[in-house]
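# Descriptive analysis of the structure
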Amino acid sequence: MAKTEPLPGTSDIFPDETAKWQFIEEAVRTTFQRYGYGELRTPIFERTEVFLKSIGDETDIVQKEMYTFEDRGGRSLTLRPEGTASVMRALANGGIPQGEERKVFYIGPMFRGERPAAGRKRQFHQAGVENVGKIAPHIDVECIAMLDDFIKNLGISKTRMLVNSRGVLTERPQIAEKLHEYFSSYKHLMDEDNLRRLDTNVWRILDSKDEKFQEVILNAPRIDELLSDESRDYFKKVCEGLDVLGIDYEIDPRLVRGLDYYEHTVFELQFDGIGAQNALAGGGRYLIQPPGIKKPLPGVGFACGMERLMIALDELGVSYGEEPGTDAYLVSLGEEALKVNLKLAHQLRGEGLKVQMDLENRGMKAQLRTANKLNAKKCYILGDSELDQGIIVLKNMEDSTQTEIKIEDLLNKG
RNA sequence: GUGAGUGUAGCUCAGUUGGUUAGAGCGUCUGAUUGUGGCUCAGAAGGUCGCCGGUUCGAAACCGGUCACCCACCCCA
C-alpha cells in the first residue's frame, strides 16, 4: 500500500474531486477575463537564477524550500516555487513596449519543499494575476478589487482583506535600519526566531506570533510613519480607491509579507479555518528584474492557493455543482442485442448524450442495478423478443414507465 | 529541519490485563424475482493487522527500529 502512495505533500486528484477543481478554474477564467486578463502558461521549471534575484536570496523560499536540481548539461534548474518570477521572465522575453501594460493570469502547480500540514503541500496549486508595466495606485486598487470579486464569485465569505504599504525599494533600507535600531534594544526578550530575523529580515519581526513579544511590537515605529511623503500619498490613494469601491479592508501596519520584491502596496486575504494557516491569497506591487533585462519591470498581482480555496469552500458548505451524471444506460440481453446497442450508443453519444452500457453480457438485474447506481435517467432495454419485433424498450428510471420504440426509427436517422 | 498523534477489509472504524478461526457499519457481488433498478431479507467475496526485528508457550496488542499519513512549530498560497 505504501508503495502506491504519492510522495509526501503531493496527491492524486481523482475524478470525483476534479469537479471541485474545475469549478474553481472556471471562476478563475471568467472573473479574470472580465478585467481583460489573458491566460499565460509558463514552464513548470526554470533556470534557478530566475527565482534567486526576484524572490530574494534571504527568503525562506530560496534558502530552504526550492526543488533545485542539475540537468544533464550541468545547468541548475528549479521547479517553480511561485508564479510571479516566471511570468516576469516570460513577459520580458516577449518584450513589453515602453509605456504599455500586460495583464495576464495563470493557474498551475507550484513546488516548495516544506513539511506538509493542513493547507500546505509540496506540490500545491495557485491561480494568480499580474498587471505588468505601469505604476499607478488605481491599478493596485483594481487588482485588489479583482481578488475580492473572485472570492465572492466562488461564494466564499468570512474573509478579511489586509492591506499595507512597504514603501519603495530605495527607502526600505532606512526603514529597516530604524526597525533594527528599535528591536536591538529588546534582544533579551526575543525568542530564537526573532533573534534570527533581527539580522536576516527585520520586517518579519513585525508579524511574529511570539506572545511575550507583542507589546514590544506594538510600540515599534510604525511603517506608515517612516514612509516618504510620496509613498504615503500613493498608499492613501490606494485606500481611497478601495473606499470608492466599497471594498471591506483593514490597514494592517504589521503586514509585511515574505518576498523581497514587494514595494508599495501589499495585501493578504485571510480566512480562519485552514488548519494553522490563514492566508487564502496574497500579493502586492513589486519591481522585478528578470535575468538579462536592463531595467526592472514594475507590476502588481496576487496568488491564490487553490487547495486553501477548496478547504474554505468545504468549511462554508458551498456546493460545487452536480457531477456529470448519465443520460442513458443501454441494457443488452444476448450477443445480438449487444451489437445493436453498440451502434445505438455511438449514435446517442454523437447526439451529445452521456451514454453508458453493459459490455459483458451480464444478467438484466445486474445491468439495471448499475444503471441505477449511475443515476441514469433512462434505460434502453434490448433482448431477443424485442429484436424479433424490431423494437426496443425505453424505460424511464424516475417513474418506471416503459414505452416501445422501433429500432429503425432510432438508428440511421441521418 | 524540530516535536506530537495515527497506521486493522475498497471506505469509516471497533478489537478487553497478550490467549482458539481478527470484527462491525457502509460499499461490492449473488440470490429471493428463469427478462426489470431503488426498499427489504438471506448469503458470499474481500485482511501478509504499514514493514523489519525482539520479548513470549502464544503478539493486531508489549519493546526497538523503520516507512507512511497527519497535525503543530517555522514559513507561506
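Keep in mind the model is a prediction, meaning the values are calculated, not measured. (Residues numbered from 1 in each chain as written. Chains lettered and ligands numbered in written order. Predicted model: local features only at pLDDT ≥ 70, side-chain atom pairs only at ≥ 80, totals over all residues. Heavy atoms only, no water.)

### Thoughts on a nonpolar patch on the surface
A surface patch of nonpolar side chains, about 250 Å² in accessible area, is lined by I44, F45 and F69. Along the chain, the position of F45 falls in strand β2 (residues 45-47). By relative accessible area, which is 43% here, F45 ends up partly exposed. (Patch = residues over 30% accessible without salt bridge, like charges linked within 9 Å, V, L, I, M, F, W, Y side chains within 5 Å. Areas by Shrake-Rupley, 256 points an atom, 1.4 Å probe, with all protein chains shown as cover. Salt bridge = Lys/Arg side-chain N within 4 Å of Asp/Glu carboxyl O. Helix = DSSP H or I, 4+ residues; strand = E, 2+ residues; numbered from the N terminus. Buried < 20%, exposed > 50% of the residue type's maximum accessible area, 1.4 Å probe, protein only.)

### Regarding the domain arrangement of chain A
Domain annotation for chain A reports domain 1 (2-168 + 228-316) and domain 2 (326-410). Placing a centre on the C-alpha atoms of domain 1 and another on those of domain 2 gives a separation of 50 Å. (Domains from an automatic or database assignment.)

### A short note on the pattern of salt bridges
Scanning the entire structure with this criterion turns up 17 salt bridges. A salt bridge links E39 to R41; the shortest N-O distance between them is 3.1 Å. For E39, a relative accessible area of 29% corresponds to the partly exposed category. We classify R41 as exposed; its relative accessible area is 67%. Close ionic contact of E100 with R102 constitutes a salt bridge, the shortest N to O distance being 3.3 Å. Taking the relative accessible area as the measure of exposure, R102 reaches 29% and is therefore partly exposed.

### Brief notes about helix α12 (residues 335-350)
If you check α12, its first and last C-alpha atoms are 23 Å apart, about what 16 residues at 1.5 Å a residue would give, namely 22 Å. Residues of α12 that are buried: A337, L338, V340, N341, L344, A345, Q347 and L348. Buried residues belonging to α12 abut β12 (326-332), β13 (355-357), β14 (376-382), α14 (384-389), β15 (391-396) and α15 (407-410). One or two positions beyond α12, positive phi appears at G352, with a value near 95°. (Expected span 1.5 Å × (residues − 1). Contact = heavy atoms within 4.5 Å.)

### A word on the sheet that holds strand β9 (residues 262-274)
Whether parallel or antiparallel, the strands of a sheet pair through hydrogen bonds between backbone atoms. With mixed pairing, eight strands are arranged side by side in an open sheet as β1-β5-β6-β11-β10-β9-β7-β8. Whereas interior strands pair on both sides, the edge strands pair on one side only; in this sheet they are β1 (38-39) and β8 (250-251). Two elements, strand β10 (residues 277-288) and strand β11 (residues 297-305), share eight bridges in a ladder whose sense is antiparallel. Paired with G282 across the strands is A303, a residue of β11. The strands touched by helix α4 (residues 84-94) are β5 (102-111), β6 (123-132), β10 and β11; relative to β5, the strand with the most contacts, the crossing angle is about 135°. Packing of helix α5 (residues 137-154) onto the sheet brings it into contact with β5, β6, β7 (159-165), β9, β10 and β11, and relative to β11 it is tilted by some 15°. (Pairing = 2+ DSSP bridges. Axes fitted to C-alpha atoms, helices over the stretch in contact; angles between N-to-C directions.)

### Let's talk about the sheet that holds strand β4 (residues 76-79)
Taken in spatial order, the three strands of this open sheet run β2-β4-β3, and their pairing is antiparallel. Since the sheet does not close on itself, it has two edges, and those belong to β2 and β3 (67-70), each with one partner. Between one strand axis and the next, the sheet turns by 30° as a mean value, whatever way the strands run. Judged from the three bridges that link them, β2 and β4 form a sheet pairing that is antiparallel. Residue F45 lies in a different strand from β4, and its bridge partner there is L79.

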